[in-house]
Structures are given as structure tokens and as C-alpha cells.
Amino acid sequence: NEYEQIKNNAKLEWPNNYSLQKFEIERQKKAYKDLCSVAIMHTGRKGSAYKKIKQRAWDEWHPNFSLIQYQYNKEVAAYNSLNSRY
């Protein structure tokens, strides 16, 4: 369960600071929810690129969902910029 993992990681990172645990749990839960709701096109070159970007971010940063989300958004923006028509 991702939410249990989020909670356990927050406890490990901030063992004696309950307000930071709470903040980190809320931040990670929001990022996880946002990542799960991202609609990725399932066809074509762009959809394939988005899937690869998401998988690389996941592989590099799991279980830090806020970093996965940051990396994904940054790489998608760069991909789109490189592939836009000027």
C-alpha cells in the first residue's frame, strides 16, 4: 500500500517531529494522487515518450512521490518544448 509506505517514510525521516511528519505525509499523498490522475495518451510517439518519462521518474525517485511528480512535469515540459513547432 503506497499510503502506508508514505507514512512509514515520514516517520523515518522525521522520527521526533510530528508536524513535519504530517506535512510530509500530506505532501506525498497529494503528489501520489496527482500522479495517478495524470492521463497519458496511450498511442503515438508522444504517448510513448510520456510513459517512458513517467517510468524513469518512478524508477529513480520511488517512493518519493513529490520528486517523481516534479521530475515527470519537468521532463514533459522539456519534451514538449523540444517538439513544438516554432
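Presented here is a report on the structure given in the accompanying data block. Remember, it's a predicted structure, so these values are computed and weren't measured experimentally.

Scoring rules and cut-offs
Residues numbered from 1 in each chain as written. Predicted model: local features only at pLDDT ≥ 70, side-chain atom pairs only at ≥ 80, totals over all residues. Heavy atoms only, no water. Phe/Tyr/Trp six-rings, centres within 6.5 Å; stacked < 30°, edge-to-face > 60°. Helix = DSSP H or I, 4+ residues; strand = E, 2+ residues; numbered from the N terminus. Buried < 20%, exposed > 50% of the residue type's maximum accessible area, 1.4 Å probe, protein only. Lys NZ or Arg CZ within 6 Å of the ring centre and 35° of its normal. Axes fitted to C-alpha atoms, helices over the stretch in contact; angles between N-to-C directions. Parallel < 35°, antiparallel > 145°, perpendicular 65-115°, else oblique. Left-handed = near helix turned anticlockwise from the far one by under 90°. Contact = heavy atoms within 4.5 Å. Nonpolar A, V, L, I, M, F, W, Y, C, P; charged D, E, K, R; others polar. Polar contact = N/O pair within 3.5 Å; in protein donor to acceptor, adjacent residues only side chain to side chain. Expected span 1.5 Å × (residues − 1). Arc of directions from axis to C-beta.

**Considerations on the packing of aromatic side chains**
Moving on, step 1. Scanning the model with the defined rule gives four aromatic pairs in all.
Moving on, step 2. Both rings, one in Tyr3 and one in Tyr32, keep their centres 5.5 Å apart while their planes meet at 85°; by these two values the pair is edge-to-face. With a gap of 29 residues between them, Tyr3 in helix H1 (residues 2-13) and Tyr32 in helix H2 (residues 18-37) connect regions that are remote in the sequence.
Moving on, step 3. Here Tyr3 falls in the partly exposed class, since its relative accessible area comes to 38%.
Moving on, step 4. Classification of Tyr32 by relative accessible area gives buried; the value is 17%.
Moving on, step 5. Ring geometry for Trp58 and Phe65: centres 5.6 Å apart, planes at 55°, overall tilted.
Moving on, step 6. Through pairs of rings, three or more aromatic residues link up here, namely Tyr3, Tyr32, Trp58 and Phe65.
Moving on, step 7. Looking at Lys29, its charged tip hangs above the ring of Tyr3, at a distance of 5.6 Å from the centre.

**Observations regarding the packing of H2 against helix H4 (residues 65-82)**
Moving on, step 1. Interhelical geometry of H2 versus H4 gives an angle of 45° and a closest axis separation of 7 Å. Relative to H4, the element H2 is oriented oblique. Along this stretch, H2 crosses H4, giving a crossing that reads as left-handed. Of H4, the residues touching H2 (which contributes Arg27, Gln28, Ala31, Tyr32, Asp34 and Leu35) are Phe65, Ser66, Ile68 and Gln69.
Moving on, step 2. Within the contact of H2 with H4, the residues separate by chemical class into five nonpolar, three polar and two charged.

**Some points on the side chain of Gln69**
Moving on, step 1. Note on placement: Gln69 falls in helix H4.
Moving on, step 2. A distance of 3.3 Å separates a polar atom in the side chain of Gln69 from a polar atom in the side chain of Asp34.

**Here's the deal with H2**
Moving on, step 1. Between its first and last C-alpha, H2 extends 29 Å over 20 residues, near the 28 Å set by a 1.5 Å rise per residue.
Moving on, step 2. The set of residues buried in H2 consists of Gln21, Glu24, Ile25, Gln28, Ala31, Tyr32 and Leu35. Taken down its axis, H2 places every buried residue within 140° of arc, on the same side. Exposed residues lying more than 90 degrees from the buried face of H2 are Ser19, Lys22, Lys30, Lys33 and Ser37.

**Considering the environment of Tyr3**
Moving on, step 1. When the C-alpha atoms of Tyr3 and Tyr70 are compared, they prove to be 19 Å apart, with 67 residues separating the residues in sequence.
Moving on, step 2. What Tyr3 contacts, discounting residues up to four positions off in sequence, is Lys29 and Tyr32.

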